[in-house]
Amino acid sequence: MLTSTKEILAAAQLRKYAVAAFNVYNLETLQAAIRVAEKENHPVIIALGERYFDTVDVEGFAALTKALAEKASIPVALHLDHAYQKESIVRAIDCGFTSVMYDGSKFSLEENIQYTKEIVEIAHKAGVSVEAEIGSVARGDFSDEEEGEGTLTDPKSAKKFVDETGVDFLAASIGTVHGMYKGEPNIDLGLLEEIQHAVQIPLVLHGGSGTPDNIMTQAVAKGICKVNVNTEVSLAAVSYLKQAIEEGRQVHLSDMMSGMQKAMEPVMTKFIRLLKNQQ
Ligand code: 13P
């Protein structure tokens, strides 16, 4: 059933597990995410990034997600990922997204507070929850996110930010990257612990792809309630496609699409199993 992100993450925080937020861009990514979540009997967050607004019909996509969510046996939330424009946030709220992420991480702390506060007012009036980010996540390989500076989140600033903006969830930058790591991951779990002590709201980990399993489970134990996943799932689909073409198989688009969906499912399952491990 379609469920608010806030309700899903409150349960995760209480029971010390995390929920995967899979980036989706088409029917196959959407179907794969809901299908594996149902098989694993675990909630799931469907996340559409603002950068896909040019290629994905947002209202149509929201209607489709809500229809599939209503049929699903597990809670499903619909989240707007990395939005930089107020117009995109209003558009997502208007068509029923259950949460939005405003990304003001490139601004100074004071500016980020000011802009985020405005978004929180708009979203809360509509009963929609807000995720925001301070510090910024760097970009590794194969990601299509914007480049971030990789500045780690300062716990004192995190507290000030949360107190002054009223955001519902906070994306903490602790050394994960968007995309695959270029070298050894250097993730600061001690910092995560400090952030968790400084703020009470559910914490979000961006850059799930390539993050070692043991780091992920420790991060969940230290307060991460939502993990964003994009690149690793995309790579599985693209590598299926490449292989099929290289083998020179007689291909039809419909087979390619369902083949890609099947290729994405084990990767999504791996993430869900890791995140629910702590229950
Ligand atoms: P990855 O591409 O590293 O999985 O990160 C996704 C993400 O954080 C989207 O917000």
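Residues numbered from 1 in each chain as written. Predicted model: local features only at pLDDT ≥ 70, side-chain atom pairs only at ≥ 80, totals over all residues. Heavy atoms only, no water.

### Comments concerning the packing of aromatic side chains
How we decide: Think of it this way: a Phe, Tyr or Trp ring, Trp meaning its six-membered ring, pairs with another when their centres are within 6.5 Å, and the plane angle makes it stacked under 30 degrees, edge-to-face over 60, tilted otherwise. Going along the chain from the N terminus, every DSSP run of H or I of four or more residues is numbered as a helix, and every run of E of two or more is numbered as a strand.
Summed over the entire model, instances satisfying the criterion amount to 2 aromatic pairs. With a centroid separation of 4.9 Å and 70 degrees between ring planes, the pair formed by Tyr25 and Tyr52 is classed as edge-to-face. Of the two residues, Tyr25 is situated in the loop between β1 (19-23) and α2 (27-40) and Tyr52 in the loop between β2 (44-49) and α3 (58-71); the sequence distance between them amounts to 27 residues.

### Brief notes about the pattern of salt bridges
Our working definition: Here, a salt bridge means any Lys or Arg side-chain nitrogen found within 4 Å of an Asp or Glu carboxyl oxygen. Summary of the burial criterion: residues with accessible area below 20% of their type's maximum are buried, those above 50% are exposed, and those between are partly exposed, where the area comes from a 1.4 Å probe applied to protein chains only.
On inspection of all chains with the given rule, the structure shows 14 salt bridges. Residue Arg51 is joined to Asp144 by a salt bridge in which the shortest nitrogen-to-oxygen separation is 3.3 Å. Of the two residues, Arg51 is situated in the loop between β2 and α3 and Asp144 in the loop between β6 (138-139) and α6 (155-165); the sequence distance between them amounts to 93 residues. On the basis of relative accessible area, Asp144 is assigned to the partly exposed category, the value being 40%. Where Glu131 meets Lys226, a salt bridge forms, and the shortest distance between an N and an O atom there is 2.6 Å. Separated by 95 residues along the polypeptide, Glu131 in strand β5 (residues 129-134) and Lys226 in strand β10 (residues 224-229) bring together distant segments of the chain. For the pair shown, Glu131 and Lys226 are each scored as buried. One network of salt bridges, with partners in common, ties together Glu40, Arg273 and Lys276.

### Concerning helix α9 (residues 231-246)
In an α-helix there are 3.6 residues to a turn, and that puts residues three or four apart on one side. To keep it simple, the criterion reads: Take the residue count of a helix, subtract one, and multiply by 1.5 Å to get its expected span.
Across its 16 residues, α9 extends 22 Å between first and last C-alpha, which sits within 8% of the 22 Å expected from 1.5 Å per residue. Of all the positions in α9, only Thr231, Glu232, Val233, Ala236, Ala237 and Ala244 are classed as buried. One or two positions beyond α9, positive phi appears at Gly248, with a value near 65 degrees.

### Thoughts on the pairing of strand β4 (residues 99-102)
Here is the rule: If DSSP finds at least two bridges between two strands, the strands pair. With the strands aimed away from the viewer, a crossover counts as right-handed if its path from the first strand over the helix to the second runs clockwise.
Every second residue of β4 is oriented toward a common face, with Ser99 and Met101 on one face and Val100 and Tyr102 on the other, all of them buried. Two elements, strand β3 (residues 76-83) and β4, share 3 bridges in a ladder whose sense is parallel. Considered in β4, the bridge of His79 is made with Ser99. With helix α4 (residues 86-94) bridging β3 and the parallel β4, this β-α-β connection has right-handed handedness. With respect to chirality, the unit in which β4 leads through helix α5 (residues 109-125) into the neighbouring parallel β5 is right-handed.

### Remarks on α5
Counted only if it meets this: This arc describes the spread of directions from the helix axis toward the C-beta atoms. Note on definitions: a residue-residue contact is assigned when non-hydrogen atoms from the two residues lie within 4.5 Å.
The terminal C-alpha atoms of α5, which comprises 17 residues, lie 24 Å apart, in line with the 24 Å expected from a rise of 1.5 Å per residue. All of the buried residues along α5 are Asn112, Ile113, Thr116, Ile119, Val120 and Ala123. Buried residues along α5 cover an arc of 140 degrees about the axis, so they all sit on one side. Of the exposed residues in α5, those oriented more than 90 degrees away from the buried face are Gln114, Glu121 and Lys125. Check the buried side of α5 and you find it contacts α4, β4, β5 and α6.

### Quick word on the nonpolar core
Operational definition: We call a set of buried residues a nonpolar core when its members are Ala, Val, Leu, Ile, Met, Phe, Trp, Tyr or Cys and they connect through side-chain atoms within 4.5 Å of each other.
Counting residues in each nonpolar core, the largest one holds 80 residues, and the members touching the most others are Phe22, Ile46, Phe97, Val100, Leu170 and Ile195. Those residues in contact with Ile46 that sit more than four places away from it in its chain are Phe22, Val24, Leu30, Ala33, Ile34, Phe61, Thr65, Val76, Ala77, Leu78 and His79. Of all hydrophobic cores here, the second largest spans 15 residues; its members include Ala12, Met101, Ala171 and Val204.

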